[in-house]
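Fold and contact review
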Amino acid sequence: MKARVIVSFKDEVLDPQGLTIKNALHSLGYKFIKDVRQGKVFDIEIDGISVEDARKYLQEIADKVLANPVIEKFHWEIIEK
Amino acid sequence: MKARVIVSFKDEVLDPQGLTIKNALHSLGYKFIKDVRQGKVFDIEIDGISVEDARKYLQEIADKVLANPVIEKFHWEIIEK
Amino acid sequence: MDKRILEQHNLTEEEYRGIVDILGREPNLTELGIFSVMWSEHCSYKSSKIYLKNLPTTGKHVIQGPGENAGVIDIGDGLAVVFKIESHNHPSYIEPYQGAATGVGGILRDIFTMGARPIAVLDSLRFGPLDNPKNRVIMEGVISGIAGYGNSIGVPTVGGETYFNQCYSQNPLVNVCCIGIAPKNRIFYARAKGKGNPVLYVGAKTGRDGIHGATMASAEFDEDLEEKRPNVQVGDPFKEKLLLEACLEVMKKDLIVGIQDMGAAGLTCSTSEMADKANSGIEIDLDLVPKREEGMNSYEIMLSESQERMLLVAKADKEEEVKKIFKKWDLDAITIGRVTDTGRLIVKEKGRVVVDIPVRGIVRDCPVYRRPVKQPSYLREVNYLEIPEVPNDLNTTFLKLLSSPTIADKEWIFRQYDHMVQINTVLLPGADATVLRIKGTKKALAGTVDGNSLYTYLNPKVGAKIAVAEACRNLACVGAKPLGVTNCLNFGNPEKPEIMWQFKEVVEGMGEACRFFGIPVTGGNVSFYNETMGSAVYPTPVLGIVGLIEDISKIMSPGFKEKGDYILLLGKNNEEIGGTEYLKTIFSQERGIPPEINLEFEKQIQDFCFELIDKRLINSAHDVSEGGLAVCLAECCFMSEKKLGIEVSLEDDIRPVALLFGETQSRIIISASPSDIDKIEKLASKRGIPCQVIGRVREDKFIIKQKGEELINLSIEKIYSSWKQAIPNYFKLSEE
Amino acid sequence: MKFGVVIFPGSNCDYDTYYVLKEVLNQDTIFLWHKDHDLKGVDAIILPGGFSYGDYLRTGAIAKFSPLMREVKEFALKGGLVLGICNGFQILLEMGLLPGAMLRNKNLKFLCQFVYLRVENPDTPFTKLCKKHQVLKIPIAHFDGNYYAPPEIMEKLKRNNQIVLRYSTSKGEITEEANVNGSMENIAGIINEKGNVMGLMPHPERASEKILGSEDGQYIFKSMINSWIK
Ligand SMILES: Nc1ncnc2c1ncn2[C@@H]1O[C@H](COP(=O)(O)OP(=O)(O)O)[C@@H](O)[C@H]1O
Ligand SMILES: [Mg+2]
């Protein structure tokens, strides 16, 4: 089974990396870029448990390990069963 | 328009971060995790160009700016028109 | 064997015949791969050997000269210093961050393989001009790569040098020097001794990383195979930190007989070299090698250059103890073979012998070339200099020179490096040499890397001598005596006679100077083929020198200390303008003949500077190098804590620009309290050293006069900000 | 007083901290291994700087799961003195022993340099030998030291006087320019509500000997020693 977790900054947290990339893109002429936010993606391979269990654990892992709830939000999905 | 670009190491390239996270998850008891690969995600807001152009430019930006094709692969999609 | 296969392995037909001779049969593909990497220029030094062997390599305190992973020199108190420099030029161009990062990882392993704890890194960098965004991207990537690896592992990057020249646009140079300290009686060598002893593999798993050009192991010549298998590795500083701690812990106990890191040519190089050095043999089983990817064949496993791996030979009865220590650090140590006495490298896979080669054959019987040499024709052209008209506003000229990236402040760079971890850095980056205390002793080590390739381009031999002289002078300025030299020789394609000539001249010049100063060369690295699209980089020797300070209370720094102190010049101002930063920056001219170097005189100046420091007679010392006297004086002001100024009056009868910006060698600017001037002058005349008071330290203003006429008069703030802001300004553009 | 310096895989200021406590300040000091479960009777715990687990995932994110951290947490909750330096501070944030989080430095570069810190709160066991608004010269060396806390937490930090150190000029002015990494409110160090757990980004162990350019770091360690004796 394959899952993907995406972790990104909460909207109210400034993302200087994203900002820098936006500026770089502007200076390269891509003026139509209005905003860039950078986050992390985790591609996870799971084996030996049920999809149901996987859902439960993914939520737990994302919440407890992969994201820091003070500054980050996350989203996960199972992309291949 | 909103687009998302995902950049990650090519499969054959070592991903030390992913590996370390996998090991950490194992020691926390999540033994069913077979592999973790970490990548970057860029959420991009685009304005003032056609979807067609956006497609062209996204490919270009991902290839030239966001990823280094020597060790990284990327994937992009338009997630909101 | 198919011609194309040989070509892809970079082997000539003659070399192939040599291989068949050694084996007494045709090699299989894996064996051919092994020969090809071991006989490559990088591993075998086949073009450079005949010159390098003339370098002085011995000395009273030398414990280990060239030939091991790093040189070792006795520094007393039961300690030895271990140091070495390496290049990572090509990977840093393709992937600046990872290329530079793995360069740091590699040189660190060379040092701790010898049983030393790495205590400092110095980086010598060459980039193309910064107005080209591509060069900025490379520079930014390289510097964050060095920072990313060094900072994480906790070895301070304490100094370095950074030059900019068009010739490095397509071919940046990234040379990294590492210094370590080990107990003198516990140095480890790459030797597979003792029949039956287990051979252990430790560290990262083996992947298909950096398997060179010849990646058609599976024998089908898939065109885009290359493309799919990147030649750049990703570094894992965390794993290396664990390896470092675990190896040092193992070494503290009497558990192993030999150890070697897996760098270039990975498993092939480490197994065969270890066996060769011990006159033994080695037998390994590839099925036992930890692999990151599935389906790897013997060719790939033997040639992989995956990072953060070590090979060690344990004492037969200590195998378990070794494994236990690695386990503690979350590392697996796996026995993959045994030491034998057959003199052969035997590799098994799935029960079959896939490699059977006499170790000597790969390590010692590799070809050695005396390649044709020819003095290049460009020299006559560039050595001719028509001196351009003197600019009428010397103030503006001076400001422009101060903001040329080669001369400008490098804090933007070294602030990204943790240069304080391990709490030994007594003289921070910014000085002529960095100084590190040695805990538990009164001593300190000084280190510097140096090399002006514009000089070597204009005259390879003189340039090389200057590189040695300047590096030693940098040490003299902090109060250190040179212990030994390591060097990195960055050149173009050695198959071109002109390049080979440059190489020969540089090595001769370097050897002459080192012999003269009595400094052993204990190691180094040659990087050929630094060419892109047919044009080579300037011949670029980089000298890494380590010096010793016996009494740490006597170290000296370059910045002026007190208002009212006298400023003195050791040495003489000559009218020399060829090869200067001034000509390059102001007139885009890289020509003329480089400054002369008289080694005898140079040594007198250095010894005198050292004596003044030793007698505690001076308050600062800084050598005159790129940018000449004016820039040197400015740097002394910038490095004073209070941002002091100067008023200097010169009486020399030479052209003002030569006086201000000429790069005459063997000069040092010192400053001293008024009460010590007498003593200094007396001592100078006793020693026959040219030493003259040229001015005083003051506040606010930076004034230089010649025969009463003002050449430069600027506020300190103004010159400071030109120098300080130049490099950050280039990067603001992209950050704004 | 007995200090324990915790070693995580990837710690790299562990020896420096140990050296200063043991050799410079002559304190009984031991290392604590992250896989153990025994605090060996120490009176104070220091989480040193470095890159625990390579700083992979997030700074301090994996170290918080180390076995010994359970004991450290208990120790802290019972009122034991815990000091987190740099990576140690980041670990304390991840563990929730201190509020807030760290973002990348505002210039997106690693920063190693001396900075000036103004002591905002001298009434802590870590700063009691300082005067209010005294300026300390201590170096930083980090990539992620840009302190962030949501508004309600920031309010609380201020209300409870939990901000201990702020980046300032050499004269003690709190300016934007002095705020090298972009931290909210120039925060360089904070303490928990109870007043026994402190985290700071600067490295006092790198500024505890004259030969290294400053001895101001000693104020932190000596304050700890002093408050333990009392
Ligand atoms: N790439 C670098 N890494 C670390 N320190 C550097 C680097 N480049 C320059 N520096 C530091 O900046 C200072 C000035 O460099 P440089 O002008 O080359 O000095 P010098 O001419 O005395 O050799 C030196 O102290 C050097 O250590
Ligand atoms: Mg120099």
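Before going into details, it helps to say that this report is about the structure given with it.

Residues and elements named next belong to chain C. Using the criterion set out here, one finds 68 salt bridges over all chains in the structure. A salt bridge links Lys315 to Asp254; the shortest N-O distance between them is 2.9 Å. With Lys315 in the loop between strand S10 (309–314) and helix H13 (319–328) and Asp254 in the loop between helix H10 (237–252) and strand S8 (256–261), this residue pair connects regions lying 61 residues apart in the sequence. Residue classification places Lys315 among the partly exposed positions, given a relative accessible area of 24%. Residue classification places Asp254 among the exposed residues on the basis of a relative accessible area of 55%. Notably, a salt bridge pairs Arg655 with Glu575, separated by 2.8 Å at the nearest N-O pair.

Take unusual backbone geometry next. Non-glycine residue Asn10(C) carries a positive phi angle of around 60 degrees. By the element assignment, Asn10(C) lies in the loop between helix H1 (3–8) and helix H2 (13–23). Take Asn10(C): its relative accessible area is 66%, and that puts it in the exposed class. If you check the backbone angles, Leu108(D) has positive phi at about 60 degrees while not being a glycine. Along the chain, the position of Leu108(D) falls in the loop between strand S5 (101–103) and strand S6 (111–119). According to the relative accessible area criterion, Leu108(D) is buried, its value standing at 18%.

With that settled, the discussion passes to the nonpolar core. Grouped together as the largest cluster of nonpolar side chains are 164 residues, with contacts concentrated most on Leu66(A), Met139(C), Ile256(C), Phe326(C), Leu83(D) and Tyr147(D). Per-element tally for this core: the top contributor is H10(C), with nine residues. Excluding anything up to four places from it in sequence, Ile256(C) contacts Phe188(C), Val250(C), Met251(C), Leu312(C), Val313(C), Ala314(C), Lys315(C) and Val322(C). Counting 46 residues, the second-largest nonpolar core is a separate cluster that includes Leu11(C), Cys269(C), Val354(C) and Cys366(C).

The parts lose accessible area when they come together, and the size of an interface is often stated as this lost area. Listed per partner, the contact involves 29 residues of chain A and 29 residues of chain B. Both sides of the chain A and chain B interface together cover about 2700 Å² of buried area, and 70% of this is carbon and sulfur. The largest share of the area that chain A buries against chain B comes from Tyr30(A), Phe32(A) and Val41(A), three residues that together contribute 22% of it. Put simply, chain A and chain B have zero salt bridges between them. Elements that contribute at least two residues to the side of chain A that touches chain B include exactly strand S1 (2–9), helix H1 (16–27), strand S2 (33–46) and helix H2 (51–66) of chain A. Top contributing element to the side of chain A that touches chain B by residue count: S2(A), with 14 residues. A class-by-class count of the residues in the side of chain A that touches chain B yields 17 nonpolar, two polar and ten charged. Of the strand pairs in this sheet, S2(A) and strand S2 (residues 33–46) of chain B are connected by 13 bridges, and their pairing is antiparallel. In the strand pairing of S2(B), Asp35(A) is matched with Glu45(B).

Definitions and cut-offs
Residues numbered from 1 in each chain as written. Chains lettered and ligands numbered in written order. Predicted model: local features only at pLDDT ≥ 70, side-chain atom pairs only at ≥ 80, totals over all residues. Heavy atoms only, no water. Salt bridge = Lys/Arg side-chain N within 4 Å of Asp/Glu carboxyl O. Helix = DSSP H or I, 4+ residues; strand = E, 2+ residues; numbered from the N terminus. Buried < 20%, exposed > 50% of the residue type's maximum accessible area, 1.4 Å probe, protein only. Core = buried A, V, L, I, M, F, W, Y, C linked by side-chain atoms within 4.5 Å. Contact = heavy atoms within 4.5 Å. Buried area = accessible area lost by both parts, 1.4 Å probe. Nonpolar A, V, L, I, M, F, W, Y, C, P; charged D, E, K, R; others polar. Pairing = 2+ DSSP bridges.

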